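# Structural characterization, general
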Amino acid sequence: MDASLIIFFLLGFLTIGGAVFMISFTKVAHMVISIGVTFISIAGLFVLLEAEFVAVSQILVYSGAISILMLFGIMLTKHDASEDEPSKAQPFWLTWIFVAGLFLIVAYGIYSTNWNVLPPRQLDPNVSNVKEIGVEVFTNFVVPFELVSVLLLVALVGAIIMAKKEDKD
Amino acid sequence: MTVTLSSYLLVALILFCVGLYGALRKRNAIIVLLSIELMLNAVNINLVAFSKFGLNAAVTGQIFTLFTMTVAAAEVAVGIAILLAMFRNRDSIHVDEMDSMKR
């Protein structure tokens, strides 16, 4: 039993705990705080999986930008909003059975498959994770990389147009 | 004894199920957006785990995770903008009152 196992259990516990608290809290602002814990713990899991660049991006994008954007959304709508009663569109047990069924099927799939065919990827200690990602992006993934920049621009313009006040003309 | 691939997959599965429950159950549209982010994050964990333990383990999984994050950020920006526009017009962000296209 080595240290990575203990760290994994701690991070997994924090990840799932934050998500479950997000579901069970009643005040919307508390929900955003608890999902911030989940996002940071997922970044820790990425470090454990030797994906440092993805971990840093996770902290920057999710626990930095997206949580703050959600807080802005709450402040600009109903800042004292609380989730008093759940939606009545479908009965409680139907959602529960659907989610539990999905969980059982996928968990059976995970545990009945033999994953230990190959040893984990051995990292070259002379090449950093960032350099590896950079070389791969600018050799094999140039077109998706440029398309993603167009997507971000379109989303930015679309969000501004959608959120600005409509003129009366 | 080290951490195996199936433990990462199980954490991601639990996270996905919690997110799915929230997306189906909650009334507040901001919380529904957060639950969708939770599901996308579960998928990211799977991608990064397979980029270390998979059959063709390569850095491609991490690159796909970066693309997923970009799309998620764009989705949240547009989603919050739509919610603000709806709050101005209808004075509510509850998903069960978003039925103007049904009537």
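Predicted model only: the values in this text are computed from it and were never measured.

If you tally the helices and strands in chain B, you get three helices and zero strands. Each helix and strand of chain B, placed in order from N terminus to C terminus, yields the pattern α-α-α. A globule of 103 residues ought to have a C-alpha radius of gyration of about 13 Å, yet chain B, at 17 Å, is considerably larger. Taking the principal axes of the C-alpha coordinates as reference, chain B spans close to 55 × 25 × 20 Å. Relative to its 103 residues, chain B shows a buried fraction of 61%. Of the contacts formed within chain B by residues at least 6 apart in sequence, a portion of 56% connects residues at least 24 apart. Here chain B displays about 4,000 Å² of accessible surface, and carbon together with sulfur accounts for 66% of that area. Positive and negative side-chain charges in chain B, numbering 8 and 6 respectively, have mean positions lying 4 Å apart.

In this section: unusual backbone geometry. Residues and elements named next belong to chain A. With a phi close to 60 degrees, glutamate 50 is a non-glycine residue in the positive phi region. On the secondary structure map, glutamate 50 appears in the loop between helix 2 (28-48) and helix 3 (52-76). With relative accessibility at 28%, the residue glutamate 50 sits in the partly exposed group.

To continue, consider the domain arrangement of chain A. Bring the parts together and some accessible area is lost; that lost area is often taken as the interface size. In terms of domain boundaries, chain A breaks down into domain 1 (1-84) and domain 2 (125-169). Inter-centroid distance (C-alpha atoms) of domain 1 of chain A to domain 2 of chain A is 23 Å.

As a further point, take the interface of chain B and chain A. The interface is formed by 73 residues belonging to chain B together with 81 residues belonging to chain A. Around 7,200 Å² of area is buried between chain B and chain A when both sides are counted, 77% of it from carbon and sulfur atoms. Taken together, chain B and chain A are joined by one salt bridge. Residues B:Lys52 and A:Glu50 are paired through a salt bridge, measuring 3.7 Å at the closest nitrogen-oxygen approach. The interface formed by chain B and chain A includes five residue pairs in polar contact (both at pLDDT 80 or more). Broken down by secondary-structure element, the contributors of at least two residues to the side of chain B that touches chain A are helix 1 (5-25), helix 2 (29-53) and helix 3 (60-90) of chain B. The element best represented in the side of chain B that touches chain A is helix 3 of chain B, accounting for 23 residues. For the side of chain B that touches chain A, the class distribution of residues is 49 nonpolar, 16 polar and eight charged.

Glancing now at helix 3 of chain B. For helix 3 of chain B, which comprises 31 residues, the first-to-last C-alpha distance of 44 Å matches the rise-based estimate of 45 Å (1.5 Å per residue) to within 8%. Phi turns positive, to about 60 degrees, at B:Asp91, one or two residues after helix 3 of chain B.

Ranked by size, the top nonpolar core spans 68 residues in total, and within it A:Phe46, A:Met70 and B:Tyr8 carry the most contacts. Mapped by element, the contributors of at least two residues to this core are helix 1 (3-24), helix 2, helix 3, helix 4 (92-111) and helix 5 (129-140) of chain A together with helix 1, helix 2 and helix 3 of chain B. Broken down by element, the residue count for this core peaks at 12 residues, all from helix 2 of chain B. Residue contributions to this core reach at least three from each of two domains, namely domain 1 (1-84) and domain 2 (125-169) of chain A. Dropping the residues within four chain positions of it, A:Met70 is found in contact with A:Val32, B:Ile30, B:Leu33, B:Leu34, B:Val76 and B:Ile80.

Further remarks concern the packing of aromatic side chains. For the structure shown, the criterion picks out six aromatic pairs over all chains. Measuring from ring centre to ring centre gives 4.9 Å for A:Phe39 and A:Tyr62, while their planes differ by 45 degrees; the resulting arrangement is tilted. With A:Phe39 in helix 2 and A:Tyr62 in helix 3, the pair connects residues that are 23 residues apart, well separated along the chain. Among the aromatic side chains, those forming a connected cluster through ring pairs are A:Phe8, A:Phe9, B:Tyr8 and B:Phe53.

Procedures and definitions
Residues numbered from 1 in each chain as written. Chains lettered and ligands numbered in written order. Predicted model: local features only at pLDDT ≥ 70, side-chain atom pairs only at ≥ 80, totals over all residues. Heavy atoms only, no water. Helix = DSSP H or I, 4+ residues; strand = E, 2+ residues; numbered from the N terminus. Rg over C-alpha atoms; globule rule 2.2 N^0.38 Å. Buried < 20%, exposed > 50% of the residue type's maximum accessible area, 1.4 Å probe, protein only. Contact = heavy atoms within 4.5 Å. Areas by Shrake-Rupley, 256 points an atom, 1.4 Å probe, with all protein chains shown as cover. Lys, Arg positive; Asp, Glu negative; His and termini not counted. Charge placed at Lys NZ, Arg CZ, Asp CG, Glu CD. Domains from an automatic or database assignment. Buried area = accessible area lost by both parts, 1.4 Å probe. Salt bridge = Lys/Arg side-chain N within 4 Å of Asp/Glu carboxyl O. Polar contact = N/O pair within 3.5 Å; in protein donor to acceptor, adjacent residues only side chain to side chain. Nonpolar A, V, L, I, M, F, W, Y, C, P; charged D, E, K, R; others polar. Expected span 1.5 Å × (residues − 1). Core = buried A, V, L, I, M, F, W, Y, C linked by side-chain atoms within 4.5 Å. Phe/Tyr/Trp six-rings, centres within 6.5 Å; stacked < 30°, edge-to-face > 60°.

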